[in-house]
Amino acid sequence: MNTADPIGFFDSGVGGLSVWCAVTRLLPHESTVYFSDSANCPYGDKPVERIRDLSRGHVRRLLEAGCKLVVVACNTATAAAVDALRAEWPEVPFVGMEPAVKPAALRSQSHVVGVLATEGTFHGRLYRETCARCAKGTTVLMCVADDFVRLVERGDLDSSAAERAVRARVEPLLAAGADHLVLGCTHFPFLKPLIEKVAAGRAAVIEPSEAVARQVKRVLSARGLLAPVTQAAEHVFETSGDEKRFRSFLAQLKIPSCG
Ligand code: DGL
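Residues numbered from 1 in each chain as written. Predicted model: local features only at pLDDT ≥ 70, side-chain atom pairs only at ≥ 80, totals over all residues. Heavy atoms only, no water.

S.K.: Residue-level account of the pairing of strand 9 (residues 235–239), with values.
M.R.: Across the two faces of strand 9 the burial differs, with His-235, Phe-237 and Thr-239 buried and Val-236 and Glu-238 not buried at all. The pairing of strand 2 (residues 32–36) with strand 9 spans five bridges and is parallel. Residue Thr-32 lies in a different strand from strand 9, and its bridge partner there is His-235. (Buried < 20%, exposed > 50% of the residue type's maximum accessible area, 1.4 Å probe, protein only. Helix = DSSP H or I, 4+ residues; strand = E, 2+ residues; numbered from the N terminus. Pairing = 2+ DSSP bridges.)

Shown next, in the form of structure tokens:
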């Protein structure tokens, strides 16, 4: 593994691009390879074994592309597979997702927080342990919002239908007293403007992509693997799904895509 090697990312679809954006903002000299498994999206309601198998395939692909670190840019895949990936490739640094329950619980005045995520994430060990460790004395409300994943995959981030879908999920959490909403799925930050509009004045919206980017930096730095500041970053994007739709999502985000 060399400092000039790329950082690899994978997600069930375009959601992990929210993490990619945070990482490349913090580490502008790092090259990247992003794999979007949109052909198999969503992961949220798939059996754990299936998600593990898919994740193993994505890691193999990213390692063949020479990646020096793999970001599991998907909460559901982190919940289902990150332990197995670390066991299979002990020499590879992995950074996974963790729902930001801790900062939400610490900041909450009402001691009620709402978490929006997939079913798979809520079933994971990491989520249960984080709640038990970090949210003592706080009521954590869980909301499965699989329909948000479909909206984002379609690139529908601001239509009136998207707003209705967001309202339907968020209003009950606000009515139950949540003053912080945690985005526990990497697709959801793309709906953050809508979620903030619905929650305005009632709840703050928290998501962990910047914390994950800082963790990537820490891990690379600890291994002496940060890219030289003279490096011109190159970014490669690949998808198992509809190439045209994927490229148009990148264009919507103003991500200059190569590869
Ligand atoms: N982006 C994903 C996550 O963070 C998964 C969405 C899905 O495929 O269900 O959980």
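Additional details are given in the paragraphs that follow.
S.K.: Provide a residue-level description of the site of the ligand, including the pertinent values.
M.R.: Lining the immediate environment of the ligand, one finds 14 residues, of which Ser-12, Tyr-43, Asn-75, Thr-76 and His-187 sit closest. For the ligand, an oxygen atom lies 2.6 Å from a polar atom in the side chain of Thr-76. Separating a nitrogen atom of the ligand from a side-chain N or O atom of His-187 is a distance of 2.7 Å. Within the complex, the protein chains bury 100% of what would otherwise be the 300 Å² of accessible surface of the ligand. Taken together, the residues of the shell around the ligand sort by class into six nonpolar, seven polar and one charged. (Near = heavy atom within 4 Å. Polar contact = N/O pair within 3.5 Å; in protein donor to acceptor, adjacent residues only side chain to side chain. Areas by Shrake-Rupley, 256 points an atom, 1.4 Å probe, with all protein chains shown as cover. Nonpolar A, V, L, I, M, F, W, Y, C, P; charged D, E, K, R; others polar.)

S.K.: Before we move on, can you summarise helix 11 (residues 243–252) with the specific residues and values?
M.R.: Of the positions making up helix 11, those classed as buried are Phe-246, Phe-249 and Leu-250. When helix 11 is viewed along its axis, its buried side chains cluster within an angular range of 100° and face the same direction. Of the exposed residues in helix 11, the ones pointing more than 90 degrees away from its buried face are Lys-244 and Ala-251. You can read the cap of helix 11 off the contacts: a side-chain oxygen lies 2.9 Å from the backbone nitrogen of Lys-244, and it is on Asp-242. Immediately beyond the C-terminal end of helix 11, within one or two residues, lies Lys-254, with a positive phi of roughly 60°. (Arc of directions from axis to C-beta.)

S.K.: Can you explain the packing of helix 8 (residues 160–175) against helix 9 (residues 192–199)? Please cite residues and give values.
M.R.: At their nearest, the axes of helix 8 and helix 9 sit 9 Å apart, and the two run at 50° to each other. Relative to helix 9, helix 8 is oriented oblique. The handedness of the crossing between helix 8 and helix 9 comes out as right-handed. Residues Ala-162, Glu-163, Val-166, Arg-167, Val-170, Glu-171 and Leu-174 of helix 8 lie in contact with helix 9, whose contacting residues are Leu-194, Ile-195, Lys-197, Val-198 and Ala-199. (Axes fitted to C-alpha atoms, helices over the stretch in contact; angles between N-to-C directions. Parallel < 35°, antiparallel > 145°, perpendicular 65-115°, else oblique. Left-handed = near helix turned anticlockwise from the far one by under 90°. Contact = heavy atoms within 4.5 Å.)

S.K.: Describe in detail the sheet that holds strand 1 (residues 7–11), supporting the description with residues and values.
M.R.: The strand order across the open sheet built from five strands is 4-3-1-2-9, with neighbouring strands paired in parallel fashion. For this open sheet the edge positions go to strand 4 (94–95) and strand 9, each flanked by a neighbour on one side alone. Pairing geometry for strand 1 and strand 3 (residues 69–72), over four bridges, is parallel. Across the sheet, residue Phe-10 finds its bridge partner in strand 3, namely Val-72.

S.K.: Please set out the pairing of strand 2 residue by residue, giving values where relevant.
M.R.: Counting buried positions over the five residues of strand 2 gives five, a clear majority of the element. The side-chain alternation of strand 2 yields two buried faces, one formed by Thr-32, Tyr-34 and Ser-36 and the other by Val-33 and Phe-35. Inspection of the sheet shows strand 1 paired to strand 2 by five bridges, in the parallel sense. Looking across to strand 2, one finds that Asp-11 is bridged to Ser-36. Since strand 1 and strand 2 lie parallel, the crossover through helix 1 (residues 17–26) that links them has a hand, and here it is right-handed. (Right-handed = clockwise from strand over helix to strand, strands pointing away.)

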